[in-house]
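# Coordinates in review
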4 protein chains.
Amino acid sequence: MFKHRTQVRVRYGETDRMGYVYYGNYPLYYEVGRVEALRALGLSYRKMEDELMVFMPVMSLQVKYVRPCFYDEVLDLETSIPQIPGDIIQFNTDIIKGDGKLANRGLVTLCFVDKNTNKRVQIPQQIIDVLKEYFI
Amino acid sequence: MFKHRTQVRVRYGETDRMGYVYYGNYPLYYEVGRVEALRALGLSYRKMEDELMVFMPVMSLQVKYVRPCFYDEVLDLETSIPQIPGDIIQFNTDIIKGDGKLANRGLVTLCFVDKNTNKRVQIPQQIIDVLKEYFI
Amino acid sequence: MFKHRTQVRVRYGETDRMGYVYYGNYPLYYEVGRVEALRALGLSYRKMEDELMVFMPVMSLQVKYVRPCFYDEVLDLETSIPQIPGDIIQFNTDIIKGDGKLANRGLVTLCFVDKNTNKRVQIPQQIIDVLKEYFI
Amino acid sequence: MFKHRTQVRVRYGETDRMGYVYYGNYPLYYEVGRVEALRALGLSYRKMEDELMVFMPVMSLQVKYVRPCFYDEVLDLETSIPQIPGDIIQFNTDIIKGDGKLANRGLVTLCFVDKNTNKRVQIPQQIIDVLKEYFI
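Residues numbered from 1 in each chain as written. Chains lettered and ligands numbered in written order. Predicted model: local features only at pLDDT ≥ 70, side-chain atom pairs only at ≥ 80, totals over all residues.

Turning next to the interface of chain B and chain A. With 17 residues of chain B in contact, the opposing surface of chain A contributes 17 residues. Taken together, the elements giving at least two residues each to the side of chain B that touches chain A come down to helix H1 (26-40) and strand E3 (58-65) of chain B. Here the element with the most residues in the side of chain B that touches chain A is E3 of chain B; it accounts for eight residues. Considered class by class, the residues forming the side of chain B that touches chain A number 13 nonpolar, three polar and one charged. Bridge count for strand E3 (residues 58-65) of chain A against E3 of chain B is five bridges, and the pairing is antiparallel. Residue pairing across strands places Lys64 of chain A opposite Ser60 of chain B, the latter belonging to E3 of chain B. (Contact = placed C-beta atoms within 7 Å. Helix = DSSP H or I, 4+ residues; strand = E, 2+ residues; numbered from the N terminus. Nonpolar A, V, L, I, M, F, W, Y, C, P; charged D, E, K, R; others polar. Pairing = 2+ DSSP bridges.)

What follows is the structure, given as structure tokens:
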């Protein structure tokens, strides 16, 4: 399994009148988590779109809100790819508070779409190549 | 089962560079759907917070992205409460495109928290009272 | 001068921990105001992009925050085009609270860019045609 | 004059269908710029709210959009406090692209409000104390 860790700091604009991070803002954090995970693998999501001409639309999302997150907190984003991807790829992001407690968990499933034909395609070989060593 | 229908129009700022509604913006639409569903029942979520002193934090969220939504589309939000709520309440929102096709489905599970004690509480009687007639 | 009025209701996700509409969310409301103003003139901003192949990037923005706006408030967006547009177009949006008091004022200046060449162009004749009767 | 520099990387969710950072997302970046500027001065905006019981609502905002910003770009936020604050404080944030060119400039004017009375107050002495050495 591949695992990667990065951080975000909660912005004021991401909180709501309850004083919590708005429930709809966690997907932004998962996005940061998976883009940085890919970058750590030597893959740029931007280049995938611009050079490989492949989009990765989200197919499904599952979120568990365990503990609220607050303004100005620094959160650890622990992103893993739980299984070897095929025509879909999954990213699990655990959001961990400063005291080590789990705040939130998001599981995002994405597929691959050719930018020109707008049709679903298999995962680019380039991604398989960098990932396979983690799944032996 | 209680069911309610309202609409949103996709804002430019809700799209992303793919030209789709960003996957993290759907929870905003579910929020509109459930707040208007409650209003149709004679319940104001704002008053619940300000007068009943009860928050409703989200506990979990499940999203299925079936078809992309685009800028300026008018979307139907069909929100239902699939089962009689107890210490949690669930809202399912189907997002329907102009041609009647399902674009997106979100299931949101919320609980009830006392604003003063910050502890979980049972569902306010007032909500049970208005909902029970739909679940006979 | 051309003037148009529409409404938005403040979403929970648009508030911040201060309980106010986050200062960065007003531009979303101005967008709603000007897109609906254009629609009232028979102009679809989406069609401008998709058929006239013209983008309207924002060049400058000036905001005055007069009174805070709160969750669930219904706000009037009073959008006007203060002067006959040339190579730029300006939209002024006054955001009015239920009691008639001014909450916020935003002045947005946009230009016109050809989608193919990515160069600035003059205002499309179609817009001039519908606007000129308001500026005699 | 006090000057501080930090960075943000553009998130996918911050772009729009034009492929640019949405014009309404820049205030989020100014927020990051000024909060990190305050932190560099030894001031925590969160503590100001929670301990000094002072809010800083935004009174006005002026933005100049000079060059578009794109997905995944790393942007320098160069935030300065152009003049010694009194009952208001101003932050200017220049957003600089990787090639050193100015992308965007935002001038944000804030005031100070007592959380308990909800009335405007003078700038907290603590902020004056740390800032005054930069304005001799």
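Right, picking up where we left off after that structure.
All right, on to the relation of the copies chain B and chain A then. Superposition of chain B onto chain A requires a rotation of 180 degrees combined with a translation of 0.0 Å along the rotation axis, giving an RMSD of 0.0 Å. Look at the turn and shift together and you get a two-fold axis relating the two. Every residue of chain B has its C-alpha some distance from the rotation axis, and the shortest such distance is that of Gln62 of chain B, at 2.3 Å. Interface overlap between copies is the fraction of interface residues in one copy that are interface residues in the other; for chain B against chain A it reaches 100%, indicating a shared surface. (Least-squares fit on C-alpha atoms with pLDDT ≥ 70 in both.)

Per-residue confidence for chain A gives a mean pLDDT of 95, with 100% of residues at or over 70. For this predicted complex, the interface score ipTM comes out at 0.95, while the overall pTM is 0.97. (pLDDT = per-residue confidence, 0-100.)

Bringing the interface of chain C and chain D into the picture now. Listed per partner, the contact involves 17 residues of chain C and 17 residues of chain D. At the level of secondary structure, the elements contributing two or more residues to the side of chain C that touches chain D comprise helix H1 (26-40) and strand E3 (58-65) of chain C. At eight residues, the largest contribution of residues to the side of chain C that touches chain D is made by E3 of chain C. The class makeup of the residues in the side of chain C that touches chain D is 13 nonpolar, three polar and one charged.

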